[in-house]
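Examination of the molecular architecture
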Amino acid sequence: MIIGVLKETYPGERRVALLPDAIPRFQKAGLEVYIEKDAGLDAGFKDSSYKDKGGRVADSRDQIFSSADILLQVLGGGANPNSSGEIDRFRQGQIIIGLMDPLGDPKIMQEIAKRGITTFALELLPRISRAQGMDTLSSMATIDGYKAVLLAAESLPKILPMMTTAAGTMLPARVFVIGAGVAGLQAIATARRLGAVVSAYDMRPAVKEQAESLGAKFFELPLETKGAETSGGYAMEMGEEFYKRQRELLALAVAESDIVITTAAVPGKRAPVLITSEMVGPMTPGSVIIDLAARYGGNCELTRPGEMVISHGVKIMGPIHLASTVPYHASQMYSKNISNFLMHLIREGKFELQLKDEIMRETLVTHDGEVVNPKILELLRDSSIT
């Protein structure tokens, strides 16, 4: 079988799905690796480094599409608006693995299915212990949380640590992290390393200990949070009355913060609005909000995906695919995750679909000309009704 690695086409995307060091592992399993010319260049990996490890650099993108049995991507399907223009290039029977955002754009997955393509969406990976080495969402969220703090620190007209100087003592900046998942926890750790005073909030009580272990003061609200997360550890969508009361209670903490980093997202749903425009007004001019849920609609009412908005002197940033701004290590982590996933699918050099396996079953979106994932099918049915 031939593994094809495509150069990413999402605007500004600098990551690559596979690193040269992964190639020998595939070769031992009886697989060949073709990579599109310059696919790894933006992440710091030359074509020659792939050749040195036994990979073959394709003469053209068309060669990847025509030759590969399995295609590896960072962003494909609904995660990349440019994917729709390449659906006709896929061959029937090909396998595509990557971040597909099937919950956000199920209709493009339906179009891919019509081409007879088998797709695995890594966002749907179950959060079980044996899948941890394949968890691309957690890997990318780690970088998102780290980079969010650096982005905020660069924009804030203050320094983060306390400093005692000849000109007097400067107090540390106050950072408030809303959402203590992987990205939030990394944001807490990074802000603390830079010397900020950090507070954190999450509607899931179970994460309190994790946030406090990293040096954050956990902000507790008198709200009923039963059923706030799924068995897989993902946040559940709550009712509007819950979010309204939550915003009322968070308002003071937001107003007193120099930096607010929000990370709250619900898979397949619009991100909950946690910061209204009225809550931004009392913040000190020069304060910064980094909304890591921007591509899901944003946790701040004023967020515009991919842009910076200034309101009441406060900068509200909605970065998209922030991990792409650290392409070397983001690609390193992604490559390890997707390699582990692919090797899970391969038996004696051949692809074997085993639907009894939870990892395969949960991530499989299309197969044999049909959308087969129950979650995506439900979304398609709902959209046809509306």
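Predicted model only: the values in this text are computed from it and were never measured.

Time to look at the nonpolar core. One finds Leu72, Ile97 and Phe341 to be the most contacted residues of the largest nonpolar core, which totals 45 residues. At the level of secondary structure, the elements contributing two or more residues to this core comprise strand 1 (2–5), helix 1 (23–28), strand 2 (32–36), strand 4 (70–75), strand 5 (95–99), helix 5 (136–155), helix 10 (327–345) and helix 11 (358–363). It is helix 10 that contributes the most residues to this core, 7 residues altogether. Leaving out residues up to four positions away in the same chain, Leu72 has contacts with Ile3, Gly4, Val5, Leu6, Ala17, Leu18, Ile97, Ile338 and Leu342.

A word on the sheet that holds strand 14 (residues 308–311). The strand order 11-10-9-12-13-15-14 describes an open sheet built from 7 strands, whose pairing is mixed. In this open sheet, the two strands that pair with only one neighbour each are strand 11 (217–218) and strand 14. Sheet topology note: the strand 9 (residues 174–178)/strand 10 (residues 197–201) ladder contains 5 bridges and is parallel. Counterpart to Val175 in the pairing with strand 10 is Val198. The sheet contacts of helix 8 (residues 240–255) involve strand 9, strand 10 and strand 12 (259–262), and relative to strand 9 the element is tilted by about 165°.

Time to look at the packing of aromatic side chains. One pass over the structure, following the stated rule, counts 5 aromatic pairs. Aromatic pair Phe176 and Phe219: ring centres 5.7 Å apart, planes at 70°, arrangement edge-to-face. Here Phe176 is found in strand 9, whereas its partner Phe219 is found in the loop between strand 11 and helix 8, with 43 residues between them in sequence. For Phe176, a relative accessible area of 1% gives the class buried. For Phe219, a relative accessible area of 27% translates into the label partly exposed. Among the aromatic residues, those joined into a ring-pair cluster are Phe120, Phe341 and Phe351.

This part takes up the sheet that holds strand 4. Spatially, the 8 strands line up as an open sheet ordered 3-2-1-4-5-6-18-19, and their pairing is mixed. Only two strands of the sheet have a single neighbouring strand rather than two, namely strand 3 (56–58) and strand 19 (370–371). Pairing geometry for strand 1 and strand 2, over 4 bridges, is parallel. Counterpart to Val5 in the pairing with strand 2 is Ile35.

We now examine the environment of Tyr328. Relative to the elements of secondary structure, Tyr328 occurs in helix 10. The partly exposed category is assigned to Tyr328, whose relative accessible area is 39%. Sequence separation of Tyr328 and Val16 is 312 residues, and the distance between their C-alpha atoms is 8.7 Å. Leave out the neighbours within four places in its chain, and Tyr328 touches Ala43 and Phe45.

Let's shift gears to the pattern of salt bridges. When the charged atoms of two side chains with opposite charge come close together, those side chains can pair. Within this structure, the stated rule accounts for 14 salt bridges. The residue Glu86 makes a salt bridge to Arg89 at a minimum N-O spacing of 2.9 Å. Residue classification places Glu86 among the buried residues on the basis of a relative accessible area of 12%. Here Arg89 falls in the partly exposed class, since its relative accessible area comes to 29%. With a closest N to O distance of 3.3 Å, Glu111 and Lys114 form a salt bridge. With a gap of 3 residues between them, Glu111 and Lys114 both fall in helix 4 (residues 106–114), about one helical turn apart. Since its relative accessible area comes to 37%, Glu111 is described here as partly exposed. The network of salt bridges with common partners includes Glu36, Arg61, Asp62, Glu86 and Arg89.

Reading the values: the criteria
- Residues numbered from 1 in each chain as written.
- Predicted model: local features only at pLDDT ≥ 70, side-chain atom pairs only at ≥ 80, totals over all residues.
- Heavy atoms only, no water.
- Core = buried A, V, L, I, M, F, W, Y, C linked by side-chain atoms within 4.5 Å.
- Buried < 20%, exposed > 50% of the residue type's maximum accessible area, 1.4 Å probe, protein only.
- Helix = DSSP H or I, 4+ residues; strand = E, 2+ residues; numbered from the N terminus.
- Contact = heavy atoms within 4.5 Å.
- Pairing = 2+ DSSP bridges.
- Axes fitted to C-alpha atoms, helices over the stretch in contact; angles between N-to-C directions.
- Phe/Tyr/Trp six-rings, centres within 6.5 Å; stacked < 30°, edge-to-face > 60°.
- Salt bridge = Lys/Arg side-chain N within 4 Å of Asp/Glu carboxyl O.

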